[in-house]
Amino acid sequence: MLSDFPAGRFFVLVFLFSVPFWAAGFLFKRFAEEMPIDLPASAFMALVPGAVAIFLVRRDLGRERLLDFLHAAFAVGQPGKGVWYAVAFGFAPVAIILSYILLLITGAPLPVTHLPLDVVPIFFVLFLIGALGEELGWQAYAYGPLRTRWTALQSALILGVIWMTWHLIPYFQTGHDIWWIVSQCLVILMMRVIIVWIFVNAGNSTAAAVLFHAMSNMGVFLFPNYGTHYNPLALALVLAPAVAAILFLWDAGTLSRYRFAERP
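Residues numbered from 1 in each chain as written. Predicted model: local features only at pLDDT ≥ 70, side-chain atom pairs only at ≥ 80, totals over all residues. Heavy atoms only, no water.

Draft legend 1. The packing of aromatic side chains, seen in detail. Scanning all chains against the criterion turns up 16 aromatic pairs. When the centroid spacing of 6.2 Å and the interplanar angle of 75° are considered together, the rings of Trp84 and Trp250 count as edge-to-face. One end of the pair, Trp84, is in helix H4 (residues 82-105); the other, Trp250, is in the segment after helix H9 (232-249), with 166 residues separating them in the sequence. Between Trp180 and Tyr230, the aromatic rings sit 6.2 Å apart at their centres with planes inclined by 80°, giving edge-to-face as the arrangement. With Trp180 in helix H7 (residues 178-201) and Tyr230 in the loop between helix H8 (206-222) and H9, this pair connects stretches of sequence that are 50 residues apart. On the accessibility criterion, Trp180 (16% relative accessible area) is buried. Take Tyr230: its relative accessible area is 7%, and that puts it in the buried class. An aromatic cluster of at least three residues, connected via ring pairs, comprises Phe10, Phe11, Trp138, Tyr141 and Trp166. Here the basic side chain of Arg192 rests over the ring of Trp163, its NZ or CZ set 4.2 Å away from the ring centre. (Phe/Tyr/Trp six-rings, centres within 6.5 Å; stacked < 30°, edge-to-face > 60°. Helix = DSSP H or I, 4+ residues; strand = E, 2+ residues; numbered from the N terminus. Buried < 20%, exposed > 50% of the residue type's maximum accessible area, 1.4 Å probe, protein only. Lys NZ or Arg CZ within 6 Å of the ring centre and 35° of its normal.)

Just geometry here; none of it tells us what the structure is for.
Right, here's the structure in full:
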């Protein structure tokens, strides 16, 4: 049964404890009316995966193993993996800038570009907290059990589909049309493959996954005029060849072994 599988129990509990946040999203339109970005109240559910992971580790393995789990999650990974933190920091912003250029080339109506630099530190802290709440669950806890059964790519896709499904109700609550939602689902599915790729190459570093996640959210909401003209289809068109290149150059079994590296 799904509940007998560690990741399965995690997924069931995450969806169960997200229900109150989804309900709040219907009752209250915005996360905060004074915020310039359009986040539904259900955005607080970002803390649920991490909270569930902490609960399960503490219940099943004890306090000491919980401390080990949190220490491993906050560790910066193995020495010599710094380049992967640079990738985690810059990948999403570069992709989002390229999606904006793509919209300019195609003649899409865009507002006068305004990059609100004064809110960047606030956004970074806000999205870093949200990314930590998610990745403590998705990557630090759930990925491991999935990886014992499937390849890295298969595990990433399974996790990505569940992650995508979990976001569906908040996406509807933002008032976007079905094509925006479908495009955004494709984006986050590809984002999960990229997160796993960065995670394993950074030495199974949750910190790198958190950094990438935070920068992707910040990039979206810093898109000209606080994300009002963010187009997930344009971003999907940018990410698709990038993910294809990753899968061509890295072995799908691990996503950490360069396919064309010389073998001893």
